[in-house]
Amino acid sequence: MDWGVIWQISLLFFKLGGMKLTQVIKEARSCRECATYLPEGPRPLFQVSSASRLVIIGQAPGAVAHESGVPWDDASGRRLRDWLGVTDEVFYEAKQVALMPMGFCYPGKGGSGDLAPRQECAPLWHPGMLSGMKKLRLTLLIGRYAMERYLPGRYRAITEAVADYEALLPDRLVLPHPSPRNNIWLKKNSWFEKKLVPRLRTTIAKALA
């Protein structure tokens, strides 16, 4: 199955007004497209609103989030909120922040961490959700999967994309995944927390103002 073709068809469908955001949300909540590939079963986790000003395109829910039903409900989420300089209340207010991962459901464990997000979600649901966010000001692409889909061929590695923040602003940024597994990357790239995080917080504040 050519997911690139599906994505293009979906984008055209939504641009032509084929489905309102409320209907997209309803359909995505009940999605079972890749149920047979999910060891813990489907549980789509996302939050979007037509009033969302910031959209965070991450990877996929982890095991903790799958259990609680709350996106970014783990150590990664706490670190992300610290980077952004926002409270839990702001982060989980859909009219402010949209949370739209590459894969909506927990993909299960792999040999060295969670499996990659399923490829079905982004082509099927992202176009309709993005077209329905009429007040969107800033897009955060977190991790390699989001970077490769939304900035295809532009960067060879995540570090290169993160470091190029001046060129990507004012409407988008690439961030490393805030997982504790990335502690080594953060130590090697101390400029991220010294230079980019303060700039990120200022940018977030403006986007949500």
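Above this text is the structure in question.
Residues numbered from 1 in each chain as written. Predicted model: local features only at pLDDT ≥ 70, side-chain atom pairs only at ≥ 80, totals over all residues. Heavy atoms only, no water.

Engineer: What is the right way to look at helix α2 (residues 21-29) in this model?
Structural biologist: Think of an α-helix as turning once every 3.6 residues; residues three or four places apart then point the same way. Along α2, the positions that sit buried rather than exposed are L21, V24, I25 and A28. Seen end-on, α2 carries its buried residues on one side only, within an arc spanning 100°. Turned more than 90 degrees away from the buried face of α2, the exposed residues are T22 and K26. (Buried < 20%, exposed > 50% of the residue type's maximum accessible area, 1.4 Å probe, protein only. Helix = DSSP H or I, 4+ residues; strand = E, 2+ residues; numbered from the N terminus. Arc of directions from axis to C-beta.)

Engineer: Can you walk me through the layout of surface pockets in this structure?
Structural biologist: Which parts of space are left empty comes out when a probe the size of a water molecule is rolled across the atoms. Its volume calculated, the largest pocket comes out at about 880 Å³. Taken together, 36 residues line the largest pocket, and the ones lying closest to its centre are Q59, S76, D114, H177 and S179. Going through the elements one at a time, α3 (63-68), α4 (75-84), β4 (113-114) and α7 (144-150) are the ones with two or more residues in the lining of the largest pocket. For the lining of the largest pocket, a count of residues per class yields 21 nonpolar, ten polar and five charged. (1 Å grid on protein atoms, 1.4 Å probe; cavity = no way out; pocket = protein on both sides within 12 Å on 5 of 7 lines; lining within 4 Å. Points joined across faces, edges and corners; volume = space filled by probe spheres on them. Nonpolar A, V, L, I, M, F, W, Y, C, P; charged D, E, K, R; others polar.)

Engineer: Would you explain unusual backbone geometry in this entry?
Structural biologist: It is generally the case that most residues other than glycine have a negative phi and that most peptide bonds are trans. Cis geometry marks the peptide bond from L169 to P170; its omega dihedral reads 15°. Structurally, the position occupied by P170 is in the loop between α9 (165-168) and β6 (172-175). Although it is not a glycine, W72 adopts a positive phi angle of roughly 55°. Note on placement: W72 falls in the loop between α3 and α4.

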